[in-house]
Amino acid sequence: MGDAKRRKETLGENYGKEPKIAPWVPFTKTQAQQFVNWSSTGAWVGIGLLVAAWITIRFIGPLFGWWQVS
């Protein structure tokens, strides 16, 4: 008996479906990868906003006389 047939018998109706990471994890590998991609993008956007705010507070505001940095 070939490996594919054995696997099909073992998995039953779950054969051909995307496997979960573990039985207790409620999402699949693809969903986990999508979450990692979204969170990484969000982190980089947050870093960019932090840098923009720092440049505004440190350089742009004092340059236009909006406030003085101590």
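Quick look at the structure, then.

Conventions adopted
- Chains are numbered independently. Their residues run from 1 in the order of the written sequence.
- At least 70 in pLDDT is required for a residue's local features to be given in this predicted model, at least 80 for side-chain atom pairs to be given and counted, and no such filter applies to totals for whole chains, interfaces and linings, which use all residues.
- No hydrogens and no water enter the side-chain calculation; it runs on all heavy atoms of the structure.
- Here a strand is any run of E in DSSP of at least two residues, a helix any run of H or I of at least four, and the numbering for each starts at the N terminus.
- C-alpha atoms define the radius of gyration in this analysis, and the globule rule sets the expected value at 2.2 Å times the number of residues to the power 0.38.
- Buried means the residue's accessible area, taken with a 1.4 Å probe over protein chains only, is under 20% of the maximum for its type, while exposed means over 50%, and partly exposed covers the values in between.
- Contacts were defined at the residue level, with two residues in contact if any of their heavy atoms lie within 4.5 Å.
- Two rings belonging to Phe, Tyr or Trp (six-membered ring only in the last case) form a pair when the distance between their centres is within 6.5 Å. Interplanar angles under 30 degrees mark stacking, angles over 60 mark edge-to-face geometry, and anything in between is tilted.
- Here, a charge over a ring is recorded when the distance from Lys NZ or Arg CZ to the ring centre is within 6 Å and its angle to the ring normal is within 35 degrees.
- One fewer than the residue count of a helix, multiplied by 1.5 Å, yields its expected span.
- Here the bend at a residue means the angle between the axes of two seven-residue stretches, the one that ends at it and the one that starts at it.

**Details of the overall build of the protein**
Link 1 in the chain: When helices and strands are counted, the protein shows two helices and zero strands.
Link 2 in the chain: The C-alpha atoms of the protein give a radius of gyration of 25 Å, which is well past the 11 Å a tight globule of 70 residues would have.
Link 3 in the chain: Each principal axis of the C-alpha atoms in the protein carries an extent, and together these give about 80 × 20 × 15 Å.
Link 4 in the chain: Looking at the protein as a whole, 7% of its 70 residues are labelled buried.

**Considerations on the environment of Trp66**
Link 1 in the chain: Tracing the backbone shows Trp66 in the segment after helix 2 (29-63).
Link 2 in the chain: Put simply, Trp66 and Lys20 are 46 residues apart on the chain and 55 Å apart in space, counted from C-alpha to C-alpha.
Link 3 in the chain: For Trp66, the contacting residues outside a window of four places in its chain are Ile60 and Gly61.

**Description of the packing of aromatic side chains**
Link 1 in the chain: Scanning all chains against the criterion turns up three aromatic pairs.
Link 2 in the chain: Residues Trp66 and Trp67 carry aromatic rings whose centres are separated by 5.9 Å and whose planes lie at 50° to one another, so their mutual orientation is tilted.
Link 3 in the chain: In this structure Trp66 comes out as exposed when scored by relative accessible area, which is 53%.
Link 4 in the chain: The positively charged end of Arg58 is found above the aromatic ring belonging to Phe59, 5.5 Å away from the centroid.

**Considerations on helix 2**
Residues lying three or four places apart along an α-helix face the same way, a consequence of the helix completing one turn every 3.6 residues.
Link 1 in the chain: With 35 residues, helix 2 should reach 51 Å at 1.5 Å per residue; the first-to-last C-alpha distance of 50 Å fits that figure.
Link 2 in the chain: The sharpest bend along helix 2 comes to roughly 40°, located at Thr56.
Link 3 in the chain: Remark: Gly65 follows helix 2 within two positions and exhibits a positive phi of approximately 75°.

**Observations concerning the environment of Thr28**
Link 1 in the chain: Locating Thr28 in the fold gives a position in the loop between helix 1 (3-11) and helix 2.
Link 2 in the chain: Here Thr28 falls in the buried class, since its relative accessible area comes to 14%.
Link 3 in the chain: Linking Thr28 and Glu18, residues ten residues apart in sequence, is a C-alpha distance of 6.9 Å.
Link 4 in the chain: In contact with Thr28, not counting residues within four places along its chain, are Glu18, Pro19, Lys20 and Ile21.

These figures capture arrangement, not role.
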